[in-house]
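# Tertiary structure, described
Given next are the chains, with one letter for each unit.
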Amino acid sequence: MTAEINHAKRAHALLSASASHRWLACTPSALLESEVPDTASEFAKEGTLAHEFCDLKLRLYTGEIKESTYKRNMSKLRKDERYQKEMEDYADDYFAYVLEKMTDTAILTPETQVDFSEYVPDGFGTSDAIIIDDGKMTIIDFKYGKGVEVSAVDNPQLKLYSLGAIHTFSMIYDIQTVNMCIYQPRIGNISEDSITVDELLEWGEYTVKPAAALAFKGEGERVAGDHCKFCKIQSECPAM
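Keep in mind the model is a prediction, meaning the values are calculated, not measured. (Residues numbered from 1 in each chain as written. Predicted model: local features only at pLDDT ≥ 70, side-chain atom pairs only at ≥ 80, totals over all residues. Heavy atoms only, no water.)

### Things to note about the overall build of the protein chain
Within the protein chain, the secondary structure is distributed over 7 helices and 5 strands. Helices (α) and strands (β) of the protein chain occur, in sequence order from the N terminus, as α-α-α-α-α-β-β-β-α-β-β-α. A globule of 240 residues ought to have a C-alpha radius of gyration of about 18 Å, and the protein chain, at 18 Å, matches this closely. Over its C-alpha atoms, taken along the principal directions, the protein chain stretches across nearly 55 × 45 × 30 Å. (Helix = DSSP H or I, 4+ residues; strand = E, 2+ residues; numbered from the N terminus. Rg over C-alpha atoms; globule rule 2.2 N^0.38 Å.)

Here is the structure:
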């Protein structure tokens, strides 16, 4: 496992899990948005840096990096112009939250790329933390933003990550239930939801797969709604 961690350079799919609430509701949106250049906001860059602190702590805990690598990378992150001491404090809180989900038999895999292309063309994403235990799997997503409270209840991003994690781990582990968690410390939001694997697979097959097939080709009807809030083309969308 590489010691150099750079969340900002992580690959992103056309039909990303993070935007799935939008392209599932408005299938043409993903392809239309892809034609608009990405411009990472300061908030996004700040969130990326905060994720780096979280990831380092988990990788040190799992033994994927050595103490010397951890200290070197921590020192590097502290020199970033966006660095604030509270980022480390929140990362400590996140680390403690993840450990609360662990048992003596659980396996933790931080910053794991998951493949859900069985349901979404070229579909993949990166889960902040996956914990696999007896009969269950826990998916945890760290959110540093404080503008919008994010709920884990019926969250399509977490459900897609879960589908990808099942694809990866179900041949080794007997997973029957998935717990999905949002940890958003700056507004004190901890949200959790659970779903059976059977329910998840049914959602993937009958809800995600047909919508994703349309979205990948830019087909279907434009639909306006709450999902439009951060859409890059909303100002010129006739549905709006």
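Right, picking up where we left off after that structure.
### Observations regarding the pairing of strand β5 (residues 189-196)
Taken together, the 8 bridges between strand β4 (residues 177-184) and β5 define a ladder with antiparallel strand orientation. Considered in β5, the bridge of Cys 181 is made with Glu 192. Where β4 folds back on β5, the antiparallel hairpin that results is connected by 4 residues, among which Gly 188 adopts a positive phi of roughly 65°. (Pairing = 2+ DSSP bridges.)

### A few points about the pattern of salt bridges
Under the definition given, this model contains 17 salt bridges. Glu 33 is paired through a salt bridge with Arg 22; the nearest N and O atoms lie 2.9 Å apart. Here Glu 33 is found in helix α2 (residues 29-34), whereas its partner Arg 22 is found in helix α1 (residues 20-23), with 11 residues between them in sequence. Across the pair, exposure class does not vary: Glu 33 and Arg 22 are buried alike. Counted as one network, the salt bridges with shared partners bring together Glu 42, Lys 45, Asp 80, Glu 81 and Arg 82. (Salt bridge = Lys/Arg side-chain N within 4 Å of Asp/Glu carboxyl O. Buried < 20%, exposed > 50% of the residue type's maximum accessible area, 1.4 Å probe, protein only.)

### A word on the confidence of the model for the protein chain
Summary statistics for the protein chain give a mean pLDDT of 92 and a share of 94% for residues scoring 70 or more. Under a pLDDT of 50 for its full length, residues 1-11 has, in the predicted model, 25 contacts with residues more than four places off or in other chains. (pLDDT = per-residue confidence, 0-100. Contact = heavy atoms within 4.5 Å.)

### What about the sheet that holds β4?
Pairing within the open sheet is mixed, and its 5 strands lie in the order β1-β2-β3-β4-β5. Either end of the sheet is taken by a strand with one partner, and the two such strands are β1 (107-115) and β5. Adjacent strand axes in the sheet meet at a mean angle of 25° when their direction is disregarded. Across the sheet, helix α3 (residues 42-62) lies against β1, β2 (124-133) and β3 (136-142), angled at about 125° from β1, the strand it touches most. Across the sheet, helix α6 (residues 156-169) lies against β1, β2, β3, β4 and β5, angled at about 135° from β3, the strand it touches most. (Axes fitted to C-alpha atoms, helices over the stretch in contact; angles between N-to-C directions.)

### Things to note about a nonpolar patch on the surface
On the surface, Ile 107, Met 171, Ile 172 and Tyr 173 cluster together to form a nonpolar patch covering roughly 440 Å² of accessible area. As for its placement among the helices and strands, Tyr 173 is situated in the loop between α6 and β4. (Patch = residues over 30% accessible without salt bridge, like charges linked within 9 Å, V, L, I, M, F, W, Y side chains within 5 Å. Areas by Shrake-Rupley, 256 points an atom, 1.4 Å probe, with all protein chains shown as cover.)

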